[in-house]
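Structural overview for review
The primary structure of each chain is shown beneath.
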Amino acid sequence: MSANKVAVIIPTLNGGEVWLRCLDALRQQVPPPVYVLVVDSGSKDGTDVVALENGFDVLRLAKGTFDHGGTRQMAAERLAGFDVLVYLTQDAVLANPNALAQLVAPFADPRVGATYGCQLPRLGSGAIEAHARLFNYPPHSNKRTIADKARMGIKAAFTSNSFAAYRTEALMAVGGFPQSLILGEDMVVAARMLQAGWAIAYVAEAQVRHSHGYSVAQEFKRYFDIGVMHQDQAWILRDFGKPEGEGGRFVRSEIAYLIRHAPWLLPSAFVRTVAKYLGYKLGQHSSSLPLSIKRKLSMHRGFWDKRG
């Protein structure tokens, strides 16, 4: 894939110190990205200014108008002349100078509609935070099609827009990113691509440093939002299977990992598992909850404000 046919898109809002490291890593890419569009949603800390100083284009949005799917789709439509669109988040730091080149390399196969890279734990992360990344991002690459659904279930449609790339033709062919979705726009597109006959490639060699040290309350809220998404996009669970089996595998893997590396964290992991389960189940039944309660239980209050 020719480098001049690849664009990088990064949504931002008050990126802080990690945003500076993200920019530094972008500048070190070989070959360097030809075009970077930063979509800023009202930063007050100079995030947008620093992007301009680095030679990147900045599209400024009114505060409160960001939409996980809608904003990314708007950027995709502006850059429809590029063959491949790479999406990063402002806190995903490319781990080596070849990360972007490796991420887009699988598009040499015309069947590949999307790729996503390996997310390594951020430096200094704890064992629980590190295990989550090691579980979801194994050391070996893979390429999957709809035929793998029977073996992998909902995991077949897993991807992450923290570090992913899309063939523009394939993205537009499946309707682009959905609007007004609390999160999971990347999974929706991946599932639609698989159903349309495209392949999804996981590129273990393309790496970023990206993880979060969530509190128990934040874990609850994050899984509440996942439950909301699965309620809104019920077809994914119907067509690809429910996530309980994958959740069970995660818990068993986490226990084994903590026994080896940090056994004193097992009680915390248990509490987090219960919080995630309760949050997810509440999210799946969010349609019966008052708006005021949904806002309190969610990590994305702005989503509920726009829904009214």
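Look up: the structure comes first, before these words.
Presented here is a report on the structure given in the accompanying data block. If you're wondering where the values come from, they're calculated on a predicted model, not measured in any experiment. (Residues numbered from 1 in each chain as written. Predicted model: local features only at pLDDT ≥ 70, side-chain atom pairs only at ≥ 80, totals over all residues. Heavy atoms only, no water.)

Here's the deal with the pairing of strand E3 (residues 57-60)
Both faces of the sheet carry side chains from a regular strand, because those side chains alternate between them. Bridge count for strand E2 (residues 35-40) against E3 is 4 bridges, and the pairing is parallel. Along E3, the bridge assignment pairs Val 39 with Leu 59. Taken together, E2, helix H2 (residues 47-53) and E3 constitute a β-α-β crossover, and its handedness is right-handed. (Pairing = 2+ DSSP bridges. Helix = DSSP H or I, 4+ residues; strand = E, 2+ residues; numbered from the N terminus. Right-handed = clockwise from strand over helix to strand, strands pointing away.)

Things to note about the environment of His 140
Note on placement: His 140 falls in the loop between helix H5 (127-136) and strand E7 (142-144). Put simply, His 140 and Cys 118 are 22 residues apart on the chain and 9.5 Å apart in space, counted from C-alpha to C-alpha. With residues up to four places along the chain from it excluded, the contact list for His 140 reads Tyr 202 and Ala 204. (Contact = heavy atoms within 4.5 Å.)

So, the environment of Val 189
Mapped onto the elements, Val 189 comes out in helix H8 (residues 185-195). Taking the C-alpha atoms as reference, Val 189 lies 6.9 Å from Gly 176; in sequence the two are 13 residues apart.

Focus: the pairing of strand E9 (residues 199-209)
Among the 11 residues in E9, 8 count as buried, and that is most of the element. Pairing between strand E5 (residues 93-94) and E9: 2 bridges, direction antiparallel. When the sheet's bridge partners are listed, Leu 94 is paired in E9 with Val 208. Two strands pair when backbone bridges link them, and E7 and E9 are joined in this way by 3 bridges, in the antiparallel orientation. Residue pairing for E9: Arg 144 is matched across the bridge by Ile 200. (Buried < 20%, exposed > 50% of the residue type's maximum accessible area, 1.4 Å probe, protein only.)

Here we look at the packing of helix H9 (residues 216-232) against helix H12 (residues 266-284)
Between H9 and H12, whose axes approach to 6 Å, the crossing angle comes to 35°. Seen from above, H9 lies across H12 with right-handed handedness. For the pair H9 and H12, contact is made by Val 216, Glu 219, Phe 220, Tyr 223, Phe 224, Ile 226, Gly 227, Val 228, His 230 and Gln 231 and by Val 271, Arg 272, Ala 275, Lys 276, Leu 278, Gly 279, Tyr 280, Leu 282, Gly 283 and Gln 284, respectively. Among the residues making up the contact of H9 with H12, the classes are represented as 11 nonpolar, 6 polar and 3 charged. (Axes fitted to C-alpha atoms, helices over the stretch in contact; angles between N-to-C directions. Left-handed = near helix turned anticlockwise from the far one by under 90°. Nonpolar A, V, L, I, M, F, W, Y, C, P; charged D, E, K, R; others polar.)

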